[in-house]
Amino acid sequence: MTGTVIALTGTPGTGKTTVCEFIKEHSLYRDKYRIIDLHKLIMDEKLYTGRDEIRDTYNADMERLRVRVTELIEQTPVGMDTILEGHISHYLPADVIIVLRASPIALRKRLGKRREYSYEKVKENSDAEALDVILVESVETSDRVFEINTTDMNLISVIKSVVEIIDSLKKGKVPEEYLPGKIDWIDQVEL
Ligand SMILES: Nc1ncnc2c1ncn2[C@@H]1O[C@H](COP(=O)(O)OP(=O)(O)OP(=O)(O)O)[C@@H](O)[C@H]1O
Ligand SMILES: [Mg+2]
């Protein structure tokens, strides 16, 4: 029997990879969660349909990605849960979607430090965060969606929140604190 499958999603810069890198390294977590880095998987196995030159990204081949991820989930060792990490993970089959959120102002600062990010790309992402784009996409595909406002949280607290959500669901409880709808950043859209 496979364990729980968690889609860990969120706008670029919200901290998905940072969370998963820690989980992979820390003895408390590394034997509990298997991480699937979707960006790496797509690039390593060329699971894309082509390149979007304007947005400077690759377009994932969602059909092939879905098949491959399903195969990988089946290979997760017994007793472990699987975390699908990436900003398109909410489009893949999962038992729960966790959306990491960070205030658009904080995101602008974080993404502004990425040398490969143009001004337009920083703005596009921070505006998408302000408009709840990924959250809306997530609730359209699943009714088990939770969000964590990481803005003023350190890494350990974010990880504890992720684990708390997963553990609550396993006990049949709804982690009310993380239900969507408590975050409103509409006033942070840049005009
Ligand atoms: N809780 C946090 N508080 C402050 N800074 C953070 C926090 N989590 C991550 N960061 C910083 O934010 C930046 C972006 O984090 P990260 O690369 O993990 O985001 P990501 O969600 O994986 O983005 P992408 O979708 O582009 O891969 C990094 O510089 C990281 O150090
Ligand atoms: Mg990342």
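Residues numbered from 1 in each chain as written. Chains lettered and ligands numbered in written order. Predicted model: local features only at pLDDT ≥ 70, side-chain atom pairs only at ≥ 80, totals over all residues.

Caption draft 1: Structural detail: the overall build of the protein. Along the backbone of the protein there are seven helices and seven strands. Going residue by residue from the N terminus, the α and β elements of the protein occur as β-α-β-α-β-β-α-β-β-α-α-α-β-α. Radius of gyration (C-alpha) of the protein: 16 Å, near the 16 Å computed for a compact globule of 191 residues. With the principal axes as the frame, the protein shows a C-alpha extent of 50 × 40 × 30 Å. Burial status across the protein gives 36% buried among its 191 residues. Of all intrachain contacts in the protein linking residues separated by at least 6 positions in sequence, the fraction that spans at least 24 positions is 74%. (Helix = DSSP H or I, 4+ residues; strand = E, 2+ residues; numbered from the N terminus. Rg over C-alpha atoms; globule rule 2.2 N^0.38 Å. Buried ≥ 20, exposed ≤ 12 C-beta atoms within 10 Å, placed from the backbone. Contact = placed C-beta atoms within 7 Å.)

Caption draft 2: Structural context of the site of ligand 1. Around ligand 1 lies a shell of 15 residues, among which Pro12, Gly15, Lys16, Thr17 and Thr18 are the nearest. Every element with two or more residues in the shell around ligand 1 is listed here: helix H1 (16-25) and helix H7 (155-170). Considering every element that reaches the shell around ligand 1, the biggest residue donor is H1, with three residues. The residue makeup of the shell around ligand 1, split by class, is four nonpolar, nine polar and two charged. (Near = placed C-beta within 6 Å. Nonpolar A, V, L, I, M, F, W, Y, C, P; charged D, E, K, R; others polar.)

Caption draft 3: Quick peek at the nonpolar core. Of all hydrophobic cores here, the largest spans 40 residues; its most connected members are Ile6, Leu8, Leu84 and Ile98. Filtering out sequence-adjacent residues up to four positions away, Ile98 remains in contact with Ile6, Leu8, Phe146, Ile148, Val162 and Ile165. (Core = buried A, V, L, I, M, F, W, Y, C linked by C-beta atoms within 7 Å.)

Caption draft 4: Summary view of H1. Of the positions making up H1, those classed as buried are Lys16, Val19, Cys20 and Ile23. For H1, the buried positions fall inside an angular range of 90° around the axis, keeping them on one side. Of the surrounding secondary structure, the elements contacted by the buried residues of H1 are strand S1 (5-10), strand S2 (33-37), strand S5 (81-85), strand S6 (96-101) and H7. (Arc of directions from axis to C-beta.)

Caption draft 5: Spatial organisation of the pairing of strand S4 (residues 57-60). Pairing of strand S3 (residues 48-52) with S4 involves four bridges; the strand directions are antiparallel. Paired with Asp52 across the strands is Thr57, a residue of S4. Counted along the chain from S3 to the antiparallel partner S4, the turn is four residues long, and its residue Asp56 has a positive phi close to 60°. (Pairing = 2+ DSSP bridges.)

Caption draft 6: Region of the structure containing the packing of H1 against H7. It is the contact of H1 with H7, at a shortest axis distance of 10 Å, that shows an interaxial angle of 80°. When the axes of H1 and H7 are compared, the pair comes out roughly perpendicular. On H7, the residues that touch Thr18, Val19, Phe22 and Ile23 of H1 are Leu155, Val158, Ile159 and Val162. Across the contact of H1 with H7, the residue classes break down as seven nonpolar, one polar and no charged. (Axes fitted to C-alpha atoms, helices over the stretch in contact; angles between N-to-C directions. Parallel < 35°, antiparallel > 145°, perpendicular 65-115°, else oblique.)

Caption draft 7: Structural detail: the packing of helix H4 (residues 104-112) against helix H5 (residues 119-130). Packing of H4 against H5 brings their axes to within 9 Å, and their N-to-C directions diverge by 155°. Taken as axis vectors, H4 and H5 run roughly antiparallel relative to one another. For the pair H4 and H5, the sense of crossing is right-handed. Together, Pro104, Leu107, Arg108, Leu111 and Gly112 of H4 and Val122, Asn125, Ser126, Glu129 and Ala130 of H5 make up the contact between the two elements. Residue composition of the contact of H4 with H5, grouped by class: five nonpolar, three polar and two charged. (Left-handed = near helix turned anticlockwise from the far one by under 90°.)

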